Amino acid sequence: MKRFLIAGNWKMNKLSEDAEEFVRGLRAKMLPNEKDVCILAPFTLIAGVGKALEGSAIGFGAQNVHFEESGAYTGEVSVPMLKELGITHCIVGHSERREYFNETDDTVNRKLRALLDAGITPILCVGESLEVREAGGEQTFVAGQLIADFSGLPAADAAKVVIAYEPIWAIGTGKTATPEQAEEMCAFIRGVLSGVYDNATGDSLLILYGGSMKPGNAKELLEKPDINGGLIGGASLKVDDFAAIAMAAASL
Ligand code: PEP
């Protein structure tokens, strides 16, 4: 049976009251696949979300982390600090961080290692810009990100990384990749990592699609063989929409 993960990326949205109301609403939906759902919240909301999720199988986590354990890194948050909050997942290398905050494949690689060492599941984002796609370079670009981001990771660790294919031109734009475009790239990603490691590792990977996924298009994306779920931005802010996407995965 295909495994799924439906992950909500709240980005820089919500205050604590709204966040806790969302969690109460999500729990009230009694999703049959709670263990395949997680919420990635801003740092300030993580503790409250974790508390509101006590006794539930829904995961939760952060949208970024620093790779050092501690030290003189003003304004940063480390893996042990997040571990203390009980997080299960953490986004790494989101295109917004790569674009606005100088995230590089080298820092992504270090963050992956730090999270894996702590037993937290990284959700690694890769994906090309519109310019790269229009020039036909999307596979070369994404393969380059994967090779650099996974550099030095043994197969046993690589298999624990969740990958989110997020074409930058589809994030927050309302423009979704077609199910065929999304499937083609997710299958390609699986192939690249099967080549770097082995088929068993490639086959076991959870590969998500992200980019304007919503209740109206989730099912046709999620039914594709190489798409194991979604990283959802805008539609994760409303509990009904997010739950509808989770239900679409549960129905497959
Ligand atoms: C995201 O930020 O990861 C994302 C996919 O956003 P949206 O769903 O809003 O396109």
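Quick note: structure is the one above.
Our subject in this report is the structure included herewith. (Residues numbered from 1 in each chain as written. Predicted model: local features only at pLDDT ≥ 70, side-chain atom pairs only at ≥ 80, totals over all residues. Heavy atoms only, no water.)

**Focus: the sheet that holds strand 7 (residues 207-210)**
So, point 1. The parallel closed barrel is built from eight strands, whose spatial order is 1-2-3-4-5-6-7-8. Strand-to-strand twist across the sheet, computed as the mean angle between neighbouring axes with direction ignored, equals 25°.
So, point 2. Alignment of strand 2 (residues 37-40) against strand 3 (residues 59-62), held across three bridges, turns out to be parallel. Along strand 3, the bridge assignment pairs Leu40 with Gly61.
So, point 3. In the packing of helix 9 (residues 179-196) onto the sheet, contacts are made with strand 5 (121-126), strand 6 (162-165) and strand 7, and the angle to strand 6 comes to roughly 140°. (Pairing = 2+ DSSP bridges. Helix = DSSP H or I, 4+ residues; strand = E, 2+ residues; numbered from the N terminus. Axes fitted to C-alpha atoms, helices over the stretch in contact; angles between N-to-C directions. Contact = heavy atoms within 4.5 Å.)

**A few points about the packing of aromatic side chains**
So, point 1. Scanning the model with the defined rule gives five aromatic pairs in all.
So, point 2. With a centroid separation of 6.4 Å and an interplanar angle of 85°, the aromatic rings of Tyr100 and Phe101 are classed as edge-to-face.
So, point 3. Tyr100 gets classed as exposed once you look at its relative accessible area, which sits at 56%.
So, point 4. You can call Phe101 exposed: its relative accessible area is 51%.
So, point 5. It is Lys14 that lies over the ring of Trp10; its NZ or CZ is 5.2 Å from the centre. (Phe/Tyr/Trp six-rings, centres within 6.5 Å; stacked < 30°, edge-to-face > 60°. Buried < 20%, exposed > 50% of the residue type's maximum accessible area, 1.4 Å probe, protein only. Lys NZ or Arg CZ within 6 Å of the ring centre and 35° of its normal.)

**Description of the packing of helix 11 (residues 215-222) against helix 12 (residues 239-250)**
How two helices sit against one another is set out by the angle between their axes and by the gap between those axes.
So, point 1. One can describe the packing of helix 11 onto helix 12 by two numbers: an axis separation of 9 Å at closest approach and a directional angle of 25°. Judged by the inter-axis angle, helix 11 sits roughly parallel to helix 12. Seen from above, helix 11 lies across helix 12 with right-handed handedness. Of the residues in helix 12, those touching helix 11 at Pro215, Ala218, Lys219 and Leu222 are Asp241, Ala244, Ile245, Ala248 and Ala249.
So, point 2. For the contact of helix 11 with helix 12, the class distribution of residues is seven nonpolar, no polar and two charged. (Parallel < 35°, antiparallel > 145°, perpendicular 65-115°, else oblique. Left-handed = near helix turned anticlockwise from the far one by under 90°. Nonpolar A, V, L, I, M, F, W, Y, C, P; charged D, E, K, R; others polar.)

**Re the site of the ligand**
So, point 1. Around the ligand sit 14 residues, and of these Lys11, Glu166, Gly172, Ser212 and Gly234 come closest.
So, point 2. Separating an oxygen atom of the ligand from a side-chain N or O atom of Asn9 is a distance of 3.4 Å.
So, point 3. Residue Gly234 places a main-chain N or O atom 2.8 Å away from an oxygen atom belonging to the ligand.
So, point 4. For the ligand, the protein covers 95% of the area, taking 290 Å² as the surface of the free molecule.
So, point 5. For the shell around the ligand, the class distribution of residues is four nonpolar, eight polar and two charged. (Near = heavy atom within 4 Å. Polar contact = N/O pair within 3.5 Å; in protein donor to acceptor, adjacent residues only side chain to side chain. Areas by Shrake-Rupley, 256 points an atom, 1.4 Å probe, with all protein chains shown as cover.)

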